[in-house]
Amino acid sequence: MTEDDVLAEFRAAEALLEGHFILSSGLRSSRYLQCARVLMDPARGARLSEALVASIPEELRAQIDIVVSPAMGGVIAGHEMGRALGVEAVFLERPDGVFELRRGFRLAPGQRVLMMEDVVTTGLSSREAIAAIGRAGGVTVAAAALVDRSNGTADLGVPFFPLIRLDVPTYPADALPPELATIPAIKPGSRAAA
């Protein structure tokens, strides 16, 4: 699947939005990828996850025992990756602001994990998820995401495999370019802005 094919999937799902968006990091952007919309079609989710699995080297894929994703955005993406890899998928939650496994989910000591996100912007949530995996006894062997919009700056401390890299500038709220400052900001994600 080429970058154009991936973007076509997002456009077909009306998931590539343009405007003034407040990201969960608190940064602002003129484009937003609403992965929940692209994943609401199971066939589309399967196509995207299978393409992402194909981008991960075979020797690394063979090491993955389980997929762990952060809730809320990563739940469906993680489930689809588990299906495509043929392994179980569980998710982390933040009931008190810190990621943890709940609902009876657990990792065996040393269990090898693919940490799966929908979108990585700064990498902060991904690093927090990886830390939670370690506290739960797992070993994160790689991370993946449908979209890397970090402009190449996210260092997750493990090999990182995004399906697509979308380089869209982000801005602090007090340093918006004039064309963005004139548009009302909306917060489309599931988590309050930082």
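One can find the structure itself at the top, above this paragraph.
So, here is what we can say about the structure in this document. None of these values were measured; they are calculated from a predicted model. (Residues numbered from 1 in each chain as written. Predicted model: local features only at pLDDT ≥ 70, side-chain atom pairs only at ≥ 80, totals over all residues. Heavy atoms only, no water.)

1. Section: the overall build of the protein
Scanning the protein for helices and strands turns up 7 helices and 9 strands. Over its C-alpha atoms the protein spans a radius of gyration of 16 Å, differing by no more than 12% from the 16 Å that the globule rule assigns to 194 residues. In terms of principal-axis extent, the alpha carbons of the protein reach across some 50 × 35 × 25 Å. The buried share of the protein, taken over its 194 residues, is 47%. Considering only contacts in the protein between residues 6 or more positions apart, those separated by 24 or more positions represent 63%. For the protein, the exposed surface amounts to about 9,200 Å²; the carbon and sulfur share of it is 52%. Charge separation in the protein, taken as the distance between the mean sites of 19 positive and 24 negative side-chain charges, equals 4 Å. (Helix = DSSP H or I, 4+ residues; strand = E, 2+ residues; numbered from the N terminus. Rg over C-alpha atoms; globule rule 2.2 N^0.38 Å. Buried < 20%, exposed > 50% of the residue type's maximum accessible area, 1.4 Å probe, protein only. Contact = heavy atoms within 4.5 Å. Areas by Shrake-Rupley, 256 points an atom, 1.4 Å probe, with all protein chains shown as cover. Lys, Arg positive; Asp, Glu negative; His and termini not counted. Charge placed at Lys NZ, Arg CZ, Asp CG, Glu CD.)

2. Things to note about the sheet that holds strand E7 (residues 139–148)
Across the sheet, 6 strands lie side by side as E5-E4-E3-E6-E7-E8; this open sheet has mixed pairing. Only two strands of the sheet have a single partner each, and these edge strands are strand E5 (100–101) and strand E8 (160–165). Where strand E6 (residues 112–120) and E7 come together, 8 bridges link them in parallel fashion. Of the residues in E7, the one forming a bridge with valine 113 is threonine 140. Packed on one face of the sheet, helix H6 (residues 124–135) meets strand E3 (66–70), strand E4 (88–93), E6 and E7 and runs near 160 degrees to E6. (Pairing = 2+ DSSP bridges. Axes fitted to C-alpha atoms, helices over the stretch in contact; angles between N-to-C directions.)

3. Focus on the packing of aromatic side chains
According to the stated counting rule, one finds 2 aromatic pairs in the structure shown. Between phenylalanine 21 and tyrosine 32 the ring centres are 5.7 Å apart and the planes differ by 35 degrees, which places this aromatic pair in the tilted class. Taken together, the residues span a long stretch of sequence, with phenylalanine 21 in strand E1 (residues 16–22) and tyrosine 32 in strand E2 (residues 28–33) at a distance of 11 residues. Look at phenylalanine 21 and you get buried, because its relative accessible area is 3%. (Phe/Tyr/Trp six-rings, centres within 6.5 Å; stacked < 30°, edge-to-face > 60°.)

4. Some remarks on the pattern of salt bridges
Scanning the entire structure with this criterion turns up 13 salt bridges. The salt bridge partner of aspartate 41 is arginine 44, with a shortest N-O separation of 3.9 Å. By relative accessible area, aspartate 41 is classed as partly exposed at 29%. For arginine 44, a relative accessible area of 12% gives the class buried. Shared partners join several salt bridges into a network, and the residues in it are Glu9, Asp41, Arg44 and Arg47. (Salt bridge = Lys/Arg side-chain N within 4 Å of Asp/Glu carboxyl O.)

5. A word on the sheet that holds E1
An order of E1-E2-E9 is seen for the 3 strands of this open sheet, with the pairing classed as antiparallel. At either margin of the open sheet sits one strand with a lone partner, and together these are E1 and strand E9 (170–171). In this structure, E2 lies alongside E9, joined through 2 bridges in antiparallel fashion. By the bridge assignment, serine 29 is partnered in E9 with threonine 170.

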